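Residue-level structure breakdown
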Amino acid sequence: MNRRNFLIVCASLFLNACVQAPVFKGDGYAFIKSNYPVVSINGVEVEPSYTVDIEAGENSLVIVYHTYRYEYYCTFTWIAVTGTAYEVTDQDNKYPLTLYRWIRKNSLWASRLDPIDPLSCDQKQKP
Amino acid sequence: MINTSIVSAQEEGILPGLSALSESDARESAIAFVNMTTSPGLEGAIIIVDDDTRQSEQWRSSLGFDAEFTLKNQIFNGYWGLAIVGGRIDDKMELIGDNGQPVHLDLTRDVVALRGSSGLSFPIDQHFKLRPFLSLVFADLRSESTINGLYDNDNNQTILSFNSKAQLLSAVVSVDAIYSRWYSNYRLELSAQYNLVYTEAVSEDNPILDTDVWNSAAQLESRISGPTNLSFAGRPWRWSAYANFTSFLSHNKSSLGYNNLMEIGASLDWQINIKPLEWFGWQSLGFRVGLIVGEKVEGYNVGLLAR
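The present account deals with the structure reproduced in this document. (Residues numbered from 1 in each chain as written. Chains lettered and ligands numbered in written order. Predicted model: local features only at pLDDT ≥ 70, side-chain atom pairs only at ≥ 80, totals over all residues. Heavy atoms only, no water.)

1. Describing the overall build of chain B
Using the following cut-off: Secondary structure elements follow DSSP: runs of H or I no shorter than four residues count as helices, runs of E no shorter than two count as strands, and numbering proceeds from the N terminus. Think of it in three bands: with a 1.4 Å probe and only protein chains considered, a residue is buried below 20% of the maximum accessible area for its type, exposed above 50%, and partly exposed in between. Here a residue-residue contact requires only that any non-hydrogen atoms of the pair lie within 4.5 Å. In these tables, accessible area is a Shrake-Rupley quantity obtained with a 1.4 Å probe, and a residue counts as shielded only by the protein chains included in the view. Residues counted as positive are Lys and Arg, residues counted as negative are Asp and Glu, and His and the chain ends are not counted. The atom standing in for a charge is NZ when the residue is Lys, CZ when it is Arg, CG when it is Asp and CD when it is Glu.
What chain B contains, in helices and strands, is three helices and 14 strands. A principal-axis box enclosing the C-alpha atoms of chain B has dimensions of 75 × 40 × 30 Å. For chain B, the proportion of its 307 residues judged to be buried stands at 46%. Counting only contacts in chain B whose residues sit at least 6 apart along the sequence, the fraction spanning at least 24 positions is 61%. Of the roughly 14,500 Å² that chain B leaves accessible, carbon and sulfur atoms contribute 58%. Both charge centroids of chain B, one from 22 positive and one from 36 negative side chains, sit 15 Å from each other.

In structure tokens, the structure reads:
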């Protein structure tokens, strides 16, 4: 294998590994990944986490968006569908954070669909 | 009698009989053209300068993308950008020779450049963020010029042609202050960007371009966007209208024929909203039409815009 083909194979392997299909905890579960820490699940405070397995059905998550002046505690309430991946990110939308249904389209990119705004984002002055 | 000769710039040096065109004029003109084409934040445009003694047509175009990406456990985000940039200028000037005769200068420059940017984005609050970043630009510049109207030692009119090549490496320190706010379904975005550019140029055949230069440029941008009833492949379209002001702060006005440009326009943006390589968000792909105005300058901007 010459150097050029080797580089092509390496680049293909790298690109193929970019977008992985989500792994679910089991039947009846959905999966959420967040660019910002999840601090509360269905009213229960949890250790800040960026990936969470949640049971299908109505869920309520609090996720914190940090800035240098304030922290925004954003509450998302929605009905999670079993075997579905969700993603929370900041996209300069109306609220600091937005929840999307996340679908792996291929090894190169994923789609963000069906945006859901938080019910509220409570702004708190940083200590 | 008209003599025609092709010489290299190195052989000729400063042109005798044309003190109206100094070395620094030629140097600043070349660097200003490269900066005008490759500076971060500038997009495609065709710019026409129509002055009494100068007519020039310039275009610049870029194919690139920039985006923020999240750094977990940090308040700040990362920022990166990559672009291939191209540009051309056809510049025709009427100068006065030392004997008082008119001298015609036809200048064509082509530049191709690769620009990479990397930096951080600091959200001060929900609406306001500061984004400092560093860009490295490698540019390959080709110039062809023809000077018609100088006299040789035998008092014959001559046509002189020069060709030169130069490679330029620029380091650009940029600070972008961005404010955005939503009013119902309409989003207002205001930004101010300052670029400090250090350029190191190397030329084997034109010592005038063997130089290093500091420059600076500033941009003010405003944009308002709103929803439409259109959708494609399940994704909505949004309209936007914008007004931008760009000032090449340190350029001599004679370098390009202008220092300040104002652009107003509109775009239609398809909300593609994908996440390539599981790394950064690509929110929209838009078609933009803009009008550029300035003192004795006009132009337009038609093209695609990825955000």
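Now that the structure has been shown, the text picks up again.
2. Some points on the packing of aromatic side chains
Basically, it comes down to this: Working definition: a ring pair exists when centres of Phe, Tyr or Trp rings (six-membered ring for Trp) sit within 6.5 Å. Plane angles under 30 degrees give stacked, over 60 give edge-to-face, the rest tilted.
Inspection of every chain in the model, using the stated rule, returns 16 aromatic pairs over all chains. For the pair Y70 of chain A and Y72 of chain A, a centre-to-centre distance of 6.1 Å together with 70 degrees between the ring planes defines the contact as edge-to-face. By the burial criterion, Y70 of chain A is buried, and Y72 of chain A matches it. Taking the centre distance of 6.4 Å and the plane angle of 35 degrees together, the rings of W237 of chain B and W270 of chain B count as tilted. Pair noted here: W237 of chain B is in strand β10 (residues 235–247) and W270 of chain B is in strand β11 (residues 260–270), with a separation of 33 residues, a long-range link. Relative accessible area serves as the criterion here: at 22%, W237 of chain B is assigned to the partly exposed category. Three or more aromatic residues joined by ring pairs form one cluster here, namely Y36, Y65, Y70 and Y72 of chain A.

3. Focus on the nonpolar core
Quick note on the threshold: Throughout this description, the term nonpolar core refers to a set of buried Ala, Val, Leu, Ile, Met, Phe, Trp, Tyr and Cys residues connected via side-chain atoms within 4.5 Å.
Of all hydrophobic cores here, the largest spans 31 residues; its most connected members are F33, I47, L141, L168 and Y258 of chain B. Where this core is concerned, the elements lending two or more residues are α2 (23–38), β2 (45–50), β4 (77–96), β5 (102–123), β6 (128–151), β7 (157–183), β8 (186–202) and β9 (211–232) of chain B. Considering every element that reaches this core, the biggest residue donor is α2 of chain B, with six residues. Those residues in contact with F33 of chain B that lie beyond four places of it in its chain are G87, R88, I89, R109, D110, V111, L141 and L256 of chain B. Listed in part, the 21 residues of the second largest apolar core include V38, V52, Y65 and Y72 of chain A.

4. Examining the side chain of R54 of chain B
All names here are of chain B. Selection rule: We define a polar contact as two N or O atoms separated by no more than 3.5 Å, with the added condition that, inside protein, one atom must be a possible hydrogen donor and the other a possible acceptor, whereas residues neighbouring each other in sequence contribute only through side-chain atom pairs.
Assignment of secondary structure puts R54 in strand β3 (residues 54–69). We classify R54 as buried; its relative accessible area is 7%. Polar side-chain contacts of R54 include one of 2.6 Å to the side chain of D91. In contact with R54, other than residues within four places in its own chain, are V49, D91, K92, M93, K253, S254, S255, L256 and G257.

5. Quick notes on the state of the cysteines
All names here are of chain A. Formally: Any cysteine sulfur atom paired with another within 2.5 Å is treated as part of a disulfide.
In the structure shown here, the tally under the stated rule is one disulfide over all chains. Note on cysteine connectivity: C74 is disulfide-linked to C121, with sulfurs 2.1 Å apart. With the S-S bond torsion at 110 degrees, the cross-link from C74 to C121 turns out right-handed. Placement of C74 in strand β4 (residues 70–80) and of C121 in strand β8 (residues 120–125) is noted, with a sequence separation of 47 residues between them.

6. Quick word on α2 of chain B
Put simply, the rule reads: For a helix, the expected span equals 1.5 Å multiplied by the residue count minus one.
For α2 of chain B, built from 16 residues, the straight-helix expectation of 22 Å at 1.5 Å per residue is met to within 8% by its first-to-last C-alpha distance of 23 Å. Taken together, the buried positions of α2 of chain B are S29, A30, I31, A32, F33, V34, N35, M36, T37 and T38 of chain B.

7. Comments concerning the interface of chain B and chain A
Formally: What gets called buried area is simply the loss in accessible area from a 1.4 Å probe that two parts show on being joined, summed for both. A pair is scored as a salt bridge if a Lys or Arg side-chain nitrogen falls within 4 Å of a carboxyl oxygen belonging to Asp or Glu.
Listed per partner, the contact involves 25 residues of chain B and 32 residues of chain A. Between chain B and chain A the total buried area reaches about 2,600 Å² when both faces are included, carbon and sulfur atoms providing 48% of it. Counting across the chain B and chain A interface gives four salt bridges. The interface formed by chain B and chain A holds 21 residue pairs in polar contact (both at pLDDT 80 or more) in total. Among the secondary structure elements, those contributing two or more residues to the side of chain B that touches chain A are β5 and β12 (274–276) of chain B. The leading source of residues in the side of chain B that touches chain A is β12 of chain B, at three residues.

8. So, the environment of A241 of chain B
Residue and element names in this part refer to chain B. With respect to the helices and strands, the residue A241 is situated in strand β10. Its relative accessible area of 32% is what places A241 among the partly exposed residues. Sequence spacing of A241 and I264 is 23 residues, and the spatial spacing of their C-alpha atoms is 7.6 Å.

9. As for the pattern of salt bridges
In the structure shown here, the tally under the stated rule is 18 salt bridges over all chains. With its nearest N and O atoms 3.8 Å apart, the salt bridge here joins D92 of chain A to R187 of chain B. Note that D92 of chain A is positioned in the loop between β5 (85–89) and β6 (98–104) and R187 of chain B in strand β8, a pairing that runs across two chains. Residue classification places D92 of chain A among the partly exposed residues on the basis of a relative accessible area of 33%. The exposure class of R187 of chain B is buried, given its relative accessible area of 11%. E189 of chain B is paired through a salt bridge with R187 of chain B; the nearest N and O atoms lie 2.8 Å apart. Under the relative-accessibility criterion, E189 of chain B is labelled buried at 18%. Each of D92 of chain A together with E68, K129, R131, D176, R187, E189, R223 and D269 of chain B takes part in a single network of salt bridges with overlapping partners.

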